[in-house]
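# Breakdown of the fold
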Amino acid sequence: MRPRRSSAFMSLGLALALATPLHAGGPLPVEEIVARYEPAVSALELTGTVEAADVVPLAFKSAGRIVSINVDVGDRVKEGDVIAELDPTQAHAALGAASAQSAAATAQLTQAQSVYDRLSGLVERGATTRASLENAEQELMAARASVDEAEAQLAKARQALADMTLRATVTGIVTQRSGEPGQVAAAGQTLVTLAREGAREAQFYVPPVPELDAMIGRKIKVRSLEDGSETFEAEISEIAPLVNSSTATISLRARIDDKDRPLALGTPISSRLEMASEQLVSLPSSALVTHLGKPAVWVIHPESRRAEIRNVEIARFTSDGVQISKGLEEGELVAGAGSYLIYPGREVVAVEAKP
């Protein structure tokens, strides 16, 4: 019986030891953090490519069958260079008809002018009636109108023939070609796209975070991934208002200042975009506990040195802690390391204070 009695006394002693209040050992040493609301800075690592700041589409003004295309993607062209040509057969026929009509109208005008001049002399000598002169004048005015109309048609036919040849309107590089010889091109259909020589832009696709709305005009550093030591200044010039449904990103473009060191189109680049958001309190992970199933922290009263539980709202988690948006007052003391040992009313002592 003695062994059983000894075992019972040992179990009772262990239970009494576990039930002993923790505050019996004095104030609990904990880390203290001063709550400071500061702008939370987040960063986006961007990767993208260099694109032309200005893109010029080239298209024929009239429909027709393509007989030649003189450029391909990557070719550099100068303003006025011939890009492509349409079959000019119909245009030549129309020009011939317009030329003949113009010649006939000019001959008719010459004849009408001669009749008018002759009748004018006869009227002065009283050899004919003024009614005849008035009829001749009307014929002359009609002939002049016919000449004007014929000249307009002739100019239109000449322009139509000139439009059979597509020329570069700017100096640049061909970035896209969407036609082939033998193909029938519609009027206004883009055949070749040129990247205007000069300004370049960085094209990025980024997550749709609210802080981006205030980034227009922001200066960033752009680094070429082909040569990691080469960096360029850039200014954010465009942020798309709509999210791409397939990628869940938005387009961000930044104009690159590279006048002395032009970047080639398609060069892979990277950048870093830092954004300041709302005022938040940054705390280490050790400060976060739960209360009634919600996130909370222990707040230390500076005079009594007693701790009370306080529910808080978490804005985001970081790699080294948590950022609090609501629940704390500026300058309050928050328990960090050691907070998991605190209970309501527990007296604590600071082992280290961190701002």
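Structure: see above.
Anyway, here's the lowdown on the structure attached to this text. Counting from 1, residues in each chain are numbered in the order their sequence is written. Only residues with pLDDT of at least 70 get local features here, since the model is predicted, and only at 80 or more are side-chain atom pairs given and counted; chain-wide, interface and lining totals rely on the full set of residues. Excluding hydrogens and water, the side-chain values take into account all heavy atoms of the structure.

### Things to note about the overall build of the protein chain
Let me state the cut-off plainly: Helix and strand assignments come from DSSP, with helices taken as H or I runs of at least 4 residues and strands as E runs of at least 2, each series counted from the N terminus. Residue burial considers only the protein chains on display, and all accessible areas are found by Shrake-Rupley using a 1.4 Å probe.
Along the backbone of the protein chain there are three helices and 22 strands. Accessible area for the protein chain stands at about 21,100 Å²; split by element, carbon and sulfur atoms hold 53% of it.

### A word on the nonpolar core
Quick reminder of the rule: Among buried residues, the Ala, Val, Leu, Ile, Met, Phe, Trp, Tyr and Cys ones that are joined through side-chain atoms within 4.5 Å form a nonpolar core. Using a 1.4 Å probe on the protein chains alone, a residue whose accessible area is under 20% of its type maximum counts as buried, one over 50% counts as exposed, and one in between counts as partly exposed. Any two residues whose heavy atoms approach within 4.5 Å at even a single point are treated as in contact.
In this structure, F204, V206, L212, I220, I236, L252 and L273 are the most contacted members of the largest nonpolar core, which totals 22 residues. Contributions of two or more residues to this core are made by strand 2 (37-52), strand 11 (200-206), strand 12 (219-224), strand 13 (231-239), strand 14 (250-257) and strand 15 (268-284). The contact partners of V206, leaving out residues within four places of it in the chain, are L44, L46, L212, T249, I250 and L252. In terms of nonpolar packing, the next biggest core, distinct from the first, is built from 20 residues, I69, V71, A84 and M164 among them.

### Side note on helix 3 (residues 130-162)
Heads up, the rule is: One less than the residue count of a helix, multiplied by 1.5 Å, gives the span that helix is expected to have.
Here helix 3 is 33 residues long and its end C-alpha atoms lie 48 Å apart, about the 48 Å a rise of 1.5 Å per residue gives. L133, A136, L140, A143, V147, A150, L154 and A157 are the residues of helix 3 that are buried. Looking at the buried side of helix 3, the elements it contacts are helix 2 (89-125).

### Regarding the sheet that holds strand 6 (residues 82-86)
Put simply, the rule reads: DSSP bridges decide pairing: two strands pair if at least two such bridges lie between them.
Read from one edge to the other, the open sheet built from four strands follows the order 7-6-4-9, with strand pairing classed as antiparallel. The sheet terminates laterally at strand 7 (165-167) and strand 9 (184-185), the two strands that pair on one side only. Bridge count between strand 6 and strand 7: three bridges; the pairing is antiparallel. What sits directly across from E85, in strand 7, is T165.

### Considering the pattern of salt bridges
Put simply, the rule is: The rule for a salt bridge is simple: a side-chain nitrogen of Lys or Arg has to be within 4 Å of a carboxyl oxygen of Asp or Glu.
Evaluation of the coordinates by the stated rule reveals 13 salt bridges. Where R255 meets E201, a salt bridge forms, and the shortest distance between an N and an O atom there is 3.7 Å. In this pair, R255 sits in strand 14 while E201 sits in strand 11, placing the two residues 54 residues apart along the sequence. For R255, a relative accessible area of 38% puts it in the partly exposed group. You can call E201 buried: its relative accessible area is 5%. Residues E347 and R306 are paired through a salt bridge, measuring 3.8 Å at the closest nitrogen-oxygen approach. Of this pair, E347 sits in the loop between strand 21 (333-335) and strand 22 (348-354) while R306 sits in the loop between strand 17 (294-300) and strand 18 (307-311), and the two are 41 residues apart along the sequence. The exposure class assigned to E347 is partly exposed, which follows from its relative accessible area of 29%. Given the relative accessible area of 39%, R306 is considered partly exposed. Residues participating in the shared-partner salt-bridge network are E51, E201, R253 and R255.

### A short note on the environment of T129
Let me state the cut-off plainly: In protein, a polar contact requires one atom able to donate a hydrogen and another able to accept it; more generally it is a pair of N or O atoms within 3.5 Å, and residues adjacent in sequence count only if both atoms are side-chain atoms.
Within the secondary structure layout, T129 lies in the loop between helix 2 and helix 3. Residue classification places T129 among the partly exposed positions, given a relative accessible area of 46%. The sequence separation of T129 and L119 amounts to ten residues, and the corresponding C-alpha distance is 8.8 Å. A polar contact is formed between the side chain of T129 and the side chain of S132, at a distance of 3.1 Å.

### Some thoughts on the sheet that holds strand 10 (residues 190-196)
Spatially, four strands are ordered 3-10-8-5 in an open sheet, and the strand pairing comes out antiparallel. Of all the strands in the sheet, the pair left with one neighbour each is strand 3 (55-59) and strand 5 (76-77). With five bridges connecting them, strand 3 and strand 10 associate as antiparallel partners. Across the sheet, the residue bridging to P57 is T193, located in strand 10.

### Some remarks on the pairing of strand 18
As paired elements, strand 17 and strand 18 share five bridges and run antiparallel to each other. In the sheet register, A296 faces strand 18, and the bridge partner there is N311. In textbook terms, the turn of a hairpin is the stretch between consecutive antiparallel strands, and for strand 17 and strand 18 this stretch comprises six residues, one of which, R305, has a positive phi near 60°.

### Details of helix 2
Along its 37 residues, helix 2 runs 55 Å from first to last C-alpha, staying within 8% of the 54 Å computed at 1.5 Å per residue. Of the positions making up helix 2, those classed as buried are A91, L95, A98, S102, A105, A112, L119, S120, G121, L122 and V123. Tucked inside the fold, the buried residues of helix 2 contact helix 3. Once helix 2 finishes, G126 follows within two positions and takes phi at roughly 75°, a positive value.

### A few points about the environment of A136
Tracing the chain through its elements places A136 in helix 3. Given the relative accessible area of 6%, A136 is considered buried. The spacing of A136 and Q113 is 23 residues in sequence and 8.4 Å in space, taken between C-alpha atoms. Ignoring anything within four residues of it in the chain, the contact list for A136 reads V115, Y116 and L119.

### A few points about unusual backbone geometry
Even without being glycine, A248 reaches a positive phi, approximately 60°. As for its placement among the helices and strands, A248 is situated in the loop between strand 13 and strand 14. Positive phi, normally seen in glycine, also occurs at R305, with a value near 60°. With respect to the helices and strands, R305 occurs in the loop between strand 17 and strand 18.

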